[in-house]
Amino acid sequence: MNAPAKGRSSGASTIRSSIGTAVASWGIRHLQTFFYTLGQIWRRPFSALMTAAVLGIALALPAGLHVLLTNVQQVMSGWDGGTQVSLFLRRELAESEAERLAAKLRTHRDIAGVDYISREQAMEEFRRLSGFGNALDALSENPLPSVLVVRPVLGRSDPDSVKRLLDELGANPQVELAQLDMQWVKRLFALMEIGRRGVWVLGALLALAVLLVVGNTIRLAIQNQRDEIVITKLIGGTDTFIRRPFLYSGFWYGLFGALIAFALVQSSLWALAGPVQELAGLYRSSFRLDTLDALTTAGLLFGGTGLGLLGSWIAVGRHLRDIEPT
């Protein structure tokens, strides 16, 4: 009984050892190729820098436009402009109840802020702007209602959401009338949607450009090493073995291009931060220009390296089949 058990244990240990050796060998081969391709690029710094710079500019354009659009949305979400819901409260509503309603609305997830205008403030503003001060003095009582000026959160909404918010606020029994210029809101969101789709279209076109640049670079590298590839195939080298250095080269080009794109976008935003802050100060705004966040940075790096790998994979798969020993 003990002998078979020892035999099974020894066989399992041998299998685990073989698997461990194979995994370690696979990792060492990839690690060697990883640093070998980096060394090859380092030996040609000027040409590698030119290729990476082209990729960096192509990746920087959609990334920069994405950040710019995000900042525009931030400005719009805090803008006290035409996108305001005016809630005209019932005249019999007490001022304390109106203030409680304003405090309740400020906790709404779709509302950025609420300003309360009392009946006296509304009358004073109407008196100042209308020029009918003497005529208003003849009134026995103030005919104007209290008003709540509600600012929707535009950055997280769309026209349908704003319309639902308007209907919800108008259904409140304490509200006599709810008004909003929906046409203005629809135009604003149409412009923002055009901007978002424009970024995606430009990103797709420039991603195609990145694939073409990487593919052409790898194609030239394959042609330059044609004799080496033929010799490697003659001595039994597999396509996987031959393909590996070119894939890692595409990885490095994509990564360096993404890093250059990150540097270009960040430096551009830093250069614009001072003038933008000065302009915001003239409008008494605390707006600050946002830079690349962690999610966008990660997307830029992974997108760049992924495009580099994909471009090199396409080029190698297409041109490696054409090289065969004769």
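First, a word on what this report is: a plain description of the structure on this page. Worth saying up front: this structure is predicted, and the values here are computed from it rather than measured. (Residues numbered from 1 in each chain as written. Predicted model: local features only at pLDDT ≥ 70, side-chain atom pairs only at ≥ 80, totals over all residues. Heavy atoms only, no water.)

Some thoughts on the pattern of salt bridges
Pairs can form between side chains of opposite charge whenever their charged atoms are close.
Right, on to step 1. Under the counting rule described, the total for this entry stands at 4 salt bridges.
Right, on to step 2. In this structure, Arg151 and Asp115 form a salt bridge, with 2.8 Å as the shortest nitrogen-oxygen distance. Here Arg151 is found in strand E3 (residues 147-152), whereas its partner Asp115 is found in strand E2 (residues 111-117), with 36 residues between them in sequence.
Right, on to step 3. Among the residues examined, Arg151 registers a relative accessible area of 16% and is labelled buried.
Right, on to step 4. The structure contains a network of salt bridges with shared partners spanning Glu193, Arg196 and Arg197. (Salt bridge = Lys/Arg side-chain N within 4 Å of Asp/Glu carboxyl O. Helix = DSSP H or I, 4+ residues; strand = E, 2+ residues; numbered from the N terminus. Buried < 20%, exposed > 50% of the residue type's maximum accessible area, 1.4 Å probe, protein only.)

Observations concerning the packing of helix H9 (residues 239-282) against helix H10 (residues 294-319)
Right, on to step 1. The interhelical angle for the contact between H9 and H10, taken along N-to-C directions, is 150°, at an axis separation of 7 Å. As H9 packs across H10, the resulting crossing turns out to be right-handed. For the pair H9 and H10, contact is made by Arg243, Phe246, Leu247, Gly250, Phe251, Gly254, Leu255, Ala258, Leu259, Ala261 and Phe262 and by Thr297, Leu300, Leu301, Gly304, Thr305, Gly308, Leu309, Ser312, Trp313 and Val316, respectively.
Right, on to step 2. Split by residue class, the contact of H9 with H10 holds 13 nonpolar, 7 polar and 1 charged. (Axes fitted to C-alpha atoms, helices over the stretch in contact; angles between N-to-C directions. Left-handed = near helix turned anticlockwise from the far one by under 90°. Contact = heavy atoms within 4.5 Å. Nonpolar A, V, L, I, M, F, W, Y, C, P; charged D, E, K, R; others polar.)

Focus on the nonpolar core
Right, on to step 1. Ranked by internal contacts, the top residues of the largest apolar core, which has 33 residues, are Leu59, Val210, Ile218, Ile222, Ile229 and Phe246.
Right, on to step 2. Of all the secondary-structure elements, those providing two or more residues to this core are helix H2 (45-77), helix H7 (182-224), helix H8 (226-234), H9 and H10.
Right, on to step 3. In terms of residues, this core owes the most to one element, H9, which gives 9 residues.
Right, on to step 4. Sequence-distant contacts of Ile218, defined by excluding residues within four places in its chain, comprise Phe246, Ser249, Gly250, Ser312, Ala315 and Val316.
Right, on to step 5. Core analysis: the second largest hydrophobic core is formed by 22 residues, Leu101, Val162, Val175 and Leu188 among them. (Core = buried A, V, L, I, M, F, W, Y, C linked by side-chain atoms within 4.5 Å.)

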